[in-house]
Amino acid sequence: MARIRRPQLARSLRLGFLIAAIIGVATGFLAWHQVEQERRTDLDDVNRRAQALAQQLSAAVGNALALPDPAASAALRPHLDSYRTLLGYAVFRPDGHLVAASEAVQDFADRLAPVLLRAVYLGADAVRLIRFQGTPIEAVAVPLKNQRGLLQGVLVVAQDVSFIDDRATGRLVQFGFWILILTLLTVTLVVGATWLTYERPLHKLADWMRRLRTENVGEAPPPGLPSEMLVSETGRLAASFRAARSTGQRLSQVAMHAEQVWTRDRLRVHAIAALGEGRQLIVVSNREPYMHQMRDGKVQAIVPAGGLVTALDPVLQACGGVWVAHGAGDADRQAADGSGRLMVPPDDARYTLRRVWLTREEEQGYYYGFSNEGIWPLCHLAHERPVFRALDWEAYRQANLRFAETVLDEIGDGSAVVLVQDYQLALLPRLLKAVRPDLQVGLFWHIPWPNPEAFRICPYGAELLTGMLGADLVGFHLQQHCNSFLDTVDRMLESRLDWDHFSVEFKGHVSRVRPFPISVQDWAERKVPAGEELEQQIAELKQEHNLGNAFIAVGVDRIDYTKGLPERFRAVDRFLEKYPQYRGRFTFVELGAPSRTHIRRYRDHIAQLETIADEINWKYQTGDWQPIHFLVAHHDVRAVHAFLTMASMCIVSSLHDGMNLVAKEYVAAQATREGVLILSEFAGAARELADAIIINPYDTEQFAEAIHSGVEMKAAERHARMDRMHQAVQEHNIYRWAATFLTTLAATRNQVPGT
Ligand code: G6P
């Protein structure tokens, strides 16, 4: 049993005394009121008796008063005897002259003048309580009239009423005693109850939290916490703590083995071990890594824009395997064999791309409709309203089924580890597991996961979650997304959550949920110019776009309303407005790749951006300088690399973003560590790249100031910041991401619920 500590006891005692005082005052008042009532009743009795006695005497007194004083006094004497509480009588003439009085009354007869006066003046009975030598005396004065109605005199009856006071005092003492007992009882009960209900559990909780912090205890939070909310929050706290601790441990391990940076070769060896004998690696995503398009009558391969492809192509190149994806290019069928297969990269075959064919209607409903007008805005807090149409949902289910069939066809009788990518394929894990429970299935969600309240609006939310929980491992970029996901499952499905191990047991299957911040590969490994060739390319680009010697800031994005492009343009505008000395000396280049243009919102967005850029350019342009170059096109990797290398600043201003790999691509391209990164606090990358200038894209003033301080930042600070970020991106590269994901997925084999 935990010992009671002094401050806790004092706190409970204070509370106990407060409650007891309130009860004491209330009952004391009631007791006093009760005693007063009784006292009044007793006095009324006394008065009634006095009046009866006066009545009995009135005839004799009236006769006596007709005589002169000595005779009257002698006539009255036998009537004035007293008994018990009656002290006696006094008889007065109307002018206040005392005619006769009992012996006991004579001593205080002169104190009876006020009651006498009152009776004479009103012509009616008068009552007064007087104190004589500490004794309370009730005096009742009764006026006496003769037969003609003339006032003859006043008879006063005096009674000792000290018995009434004594009785009232006795009652008060009695009540006081019970109030004291009640107070002690209340204090004891309150102290005991607060100790058992609050102090002891909270004391244990504090003790457990301290040990969690200092000793890394493995046990669950103490039972019996005073509220449900505390119970669930402490579970989460412990889980986050453990997650943070293991991240910390991982980080320190990485620091210890800094020389062992993950490379393509190291991943290959690791993947072979993690996959085990005879199991192939299959990656499934909607977007394909290489897309064939007809341009000027020729088939051309392009690499689609977007973080998913950037991240996963190097993994497949390192590990080999099959990538199953939608064949969305207009020349895709021409470039593949009869089953939709081809080897990629086109000029350096390393793995198989298996294309899934969808009809135009399927693509419309599944990709444009449900995925990008429904789930995309649902998961991004960019104030875009999601649209859920029943027909789109049907197409989404059909397309997921089509992907599942293709994956199963690829696997045949063999065994495989399947890495499902992103929100377009949420139903795939369960579809695969339903047919082949032996497969190991991981799902990585590349976009943010919203809080449960936001997710609840999706009419098909439970089905999506059910599909996702077919996976053995569900990965997000951030711990926060994992927490929100588990919260959502908790609210929407009948499942068993284990916050200690971050896992969910649903329909007899356990899914682990973990953060894996995705990353990029080193530019040196890619087929992009370096050295003189790169310098040449940069010179050409500068000339082509008339960039001169201006300070160049760059942005590289798919044109999407989540990327904060209007906010970025307005910040440039504000910067030039506030700091006119930079007009003609600062140029912002936005490489914008058109995206999802069959959706009206996306088309409108391009038009809106062009209008804003035009307005700003019109406002400031001089001679052959313009502040914004908005280059709307599909830019190949060489051009992106050249711009990222030449730019003294890169601006990433997402309104909400799972990770944002452009930020990491820029850092990776900064071989000379000269550049400055401006990064939105709402992009997942901001957690790792704390040396960037962090902005809130909605705050135009702050954003413009950030551009200003970036432009003016001293070389030493730029180098120091960029160096730290560069090192972080090199160590936490895409190979490390893939290795950690595969290792964690492999560890889920034969897992037992609750482990
Ligand atoms: C984001 C999504 C990816 C998607 C990419 C490009 O990064 O998470 O799943 O592939 O955008 O978008 P798109 O619609 O062109 O595939």
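The structure we're discussing is the one just above.
Residues numbered from 1 in each chain as written. Predicted model: local features only at pLDDT ≥ 70, side-chain atom pairs only at ≥ 80, totals over all residues. Heavy atoms only, no water.

Novice: What am I meant to see in the pairing of strand 21 (residues 649–652) here?
Specialist: Regular strands show a simple pattern: their side chains alternate between the two faces of the sheet. Alternating residues of strand 21 divide into Met-649 and Ile-651 and Cys-650 and Val-652, and every residue in both groups is buried. With two bridges connecting them, strand 18 (residues 551–558) and strand 21 associate as parallel partners. Bridge pairing links Ala-553 to Met-649 in strand 21. Taken together, the four bridges between strand 21 and strand 22 (residues 676–680) define a ladder with parallel strand orientation. In the sheet register, Met-649 faces strand 22, and the bridge partner there is Val-676. Between the parallel pair strand 21 and strand 22, the chain is carried across by helix 20 (residues 661–669), and the sense of this crossover is right-handed. (Buried < 20%, exposed > 50% of the residue type's maximum accessible area, 1.4 Å probe, protein only. Helix = DSSP H or I, 4+ residues; strand = E, 2+ residues; numbered from the N terminus. Pairing = 2+ DSSP bridges. Right-handed = clockwise from strand over helix to strand, strands pointing away.)

Novice: Where do I start with the sheet that holds strand 18 in this structure?
Specialist: What holds strands together in a sheet is hydrogen bonding between their backbones, with the strands either parallel or antiparallel. Spatially, six strands are ordered 20-19-18-21-22-23 in an open sheet, and the strand pairing comes out parallel. Edge strands, defined here as strands with exactly one partner in the open sheet, are strand 20 (628–632) and strand 23 (693–695). Each strand axis lies, on average, 20 degrees off the axis of its neighbour in the sheet, ignoring direction. Note: strand 19 (residues 586–593) against strand 20, five bridges, orientation parallel. Paired with Leu-591 across the bridge in strand 20 is Leu-631. (Axes fitted to C-alpha atoms, helices over the stretch in contact; angles between N-to-C directions.)

Novice: It is not clear to me how the site of the ligand should be interpreted in this structure. Could you clarify?
Specialist: Around the ligand lies a shell of 13 residues, among which Arg-287, Tyr-367, Asp-422, Gln-424 and Arg-596 are the nearest. Note that an oxygen atom of the ligand is positioned 2.4 Å from one of the side-chain N or O atoms of Tyr-367. Between the ligand and Arg-558 there is a distance of 3.5 Å, counted from an oxygen atom to a side-chain nitrogen or oxygen. When the free accessible area of the ligand is taken as 370 Å², the share hidden by the protein chains comes to 91%. Contributing elements (two or more residues each) for the shell around the ligand: helix 8 (307–319) and helix 10 (360–379). When the residues that make up the shell around the ligand are grouped by side-chain class, the tally is six nonpolar, three polar and four charged. (Near = heavy atom within 4 Å. Polar contact = N/O pair within 3.5 Å; in protein donor to acceptor, adjacent residues only side chain to side chain. Areas by Shrake-Rupley, 256 points an atom, 1.4 Å probe, with all protein chains shown as cover. Nonpolar A, V, L, I, M, F, W, Y, C, P; charged D, E, K, R; others polar.)

Novice: For this particular structure, what's the right way to read the packing of aromatic side chains?
Specialist: Geometry of an aromatic ring pair is reported as the spacing of the ring centres plus the angle between the planes. Summed over all chains, the structure comprises 32 aromatic pairs. Summarising the aromatic geometry, the rings of Tyr-366 and Phe-403 are spaced 6.1 Å apart at their centres and angled 50 degrees between planes, so their arrangement reads as tilted. Taken together, the positions of Tyr-366 in helix 10 and Phe-403 in helix 11 (residues 390–411) put the pair 37 residues apart, joining distant regions of the chain. Both residues of the pair, Tyr-366 and Phe-403, count as buried. Judged by centre distance (5.6 Å) and plane angle (45 degrees), the ring pair of Trp-376 and Tyr-423 falls under tilted. Placement of the pair is Trp-376 in helix 10 and Tyr-423 in the loop between strand 12 (415–421) and helix 12 (428–435), with a sequence separation of 47 residues. One exposure class covers both Trp-376 and Tyr-423, and it is buried. Put simply, the rings of Tyr-366, Phe-370, Phe-388, Trp-393, Tyr-396, Phe-403 and Tyr-460 pair up and form one aromatic cluster. Positioned above the aromatic ring of Trp-357, the side-chain terminus of Arg-333 is 4.3 Å from the ring centre. (Phe/Tyr/Trp six-rings, centres within 6.5 Å; stacked < 30°, edge-to-face > 60°. Lys NZ or Arg CZ within 6 Å of the ring centre and 35° of its normal.)

Novice: Just checking my understanding: could you explain a nonpolar patch on the surface for this structure?
Specialist: On the surface, a cluster of nonpolar side chains totalling about 470 Å² of accessible area is made up of Leu-15, Leu-18, Ile-19, Ile-22, Ile-23 and Leu-182. If you trace the backbone, Leu-15 turns up in helix 1 (residues 6–65). (Patch = residues over 30% accessible without salt bridge, like charges linked within 9 Å, V, L, I, M, F, W, Y side chains within 5 Å. Salt bridge = Lys/Arg side-chain N within 4 Å of Asp/Glu carboxyl O.)

Novice: Got a minute to help me understand the nonpolar core in this structure?
Specialist: Core analysis: the biggest nonpolar cluster contains 76 residues, and Trp-323, Phe-643, Leu-644, Leu-677, Leu-679 and Leu-689 have the highest contact counts within it. A per-element tally of this core places helix 23 (residues 734–747) first, with eight residues. Shared between two domains, this core holds at least three residues of each, these being domain 2 (281–515) and domain 3 (529–732). In terms of nonpolar packing, the next biggest core, distinct from the first, is built from 64 residues, Tyr-366, Ala-426, Trp-445 and Cys-458 among them. (Core = buried A, V, L, I, M, F, W, Y, C linked by side-chain atoms within 4.5 Å. Domains from an automatic or database assignment.)

Novice: Honestly, the pairing of strand 19 in this entry has me stumped. Any pointers?
Specialist: Across the eight residues of strand 19, eight count as buried, placing the element largely inside the fold. Burial of the side chains of strand 19 extends over both faces: Phe-586, Phe-588, Glu-590 and Gly-592 are buried on one face and Thr-587, Val-589, Leu-591 and Ala-593 on the other. Looking at chain direction, strand 18 and strand 19 are connected through eight bridges and run parallel. Residue Val-556 lies in a different strand from strand 19, and its bridge partner there is Leu-591.

Novice: I tried to follow the pattern of salt bridges on my own but got confused; where do I start?
Specialist: Side chains that carry opposite charge are capable of pairing whenever their charged atoms lie near each other. Throughout the structure, instances matching the rule amount to 43 salt bridges. A salt bridge links Arg-397 to Glu-394, with the shortest nitrogen-to-oxygen separation between them at 3.2 Å. A residue pair is termed a helical-turn pair when its members lie 3 or 4 positions apart in one helix, as Arg-397 and Glu-394 do in helix 11 at three residues. Of the residues examined, Glu-394 reaches a relative accessible area of 33% and is grouped as partly exposed. For the salt bridge of Asp-573 with Lys-619, the shortest nitrogen-to-oxygen distance reads 3.0 Å.

Novice: Before we go on, may I ask you to explain the environment of Thr-587 in this structure?
Specialist: Residue position: Thr-587 is located in strand 19. You can call Thr-587 buried: its relative accessible area is 1%. C-alpha separation for the pair Thr-587 and Leu-185, spaced 402 residues apart in sequence, amounts to 80 Å. Those residues within four positions of Thr-587 in sequence are excluded, and the remaining contacts are Leu-547, Ala-550, Phe-551, Ile-552, Ala-553, Trp-625, Gln-626, Pro-627 and His-629. Side-chain polar atoms of Thr-587 contact the side chain of Trp-625, separated by 3.2 Å. (Contact = heavy atoms within 4.5 Å.)

Novice: What's the story with the packing of helix 16 (residues 531–544) against helix 19 (residues 637–646) in this structure? I'm lost.
Specialist: In helix packing, the relevant descriptors are the interaxial angle and the interaxial distance, both defined with respect to the helix axes. Direction vectors running N to C along helix 16 and helix 19 enclose 90 degrees, while the axes themselves pass 10 Å from each other. With respect to each other, helix 16 and helix 19 are oriented roughly perpendicular. Seen from helix 16, the contacting residues are Glu-533, Leu-534, Gln-537, Ile-538, Leu-541 and Lys-542; seen from helix 19, they are Arg-638, Ala-639, His-641, Ala-642, Phe-643, Thr-645 and Met-646. Grouping the amino acids of the contact of helix 16 with helix 19 by side-chain chemistry returns seven nonpolar, three polar and three charged. (Parallel < 35°, antiparallel > 145°, perpendicular 65-115°, else oblique.)

Novice: Hey, could you run me through helix 16 in this one?
Specialist: Given 3.6 residues per turn, any residue in an α-helix points the same way as the ones three and four places further on. In this model helix 16 runs 20 Å from its N-terminal to its C-terminal C-alpha over 14 residues, within 8% of the 20 Å that 1.5 Å per residue would give. Taken residue by residue, helix 16 has Leu-534, Gln-537, Ile-538 and Leu-541 as its buried positions. For helix 16, the angular spread of the buried residues around the axis is 100 degrees, confining them to a single face. With respect to the buried face of helix 16, the exposed residues turned more than 90 degrees away are Glu-532, Glu-535 and Gln-543. On its buried face, helix 16 is in contact with helix 19. Within two residues after helix 16, Asn-546 carries a phi angle of roughly 60 degrees, on the positive side. (Expected span 1.5 Å × (residues − 1). Arc of directions from axis to C-beta.)

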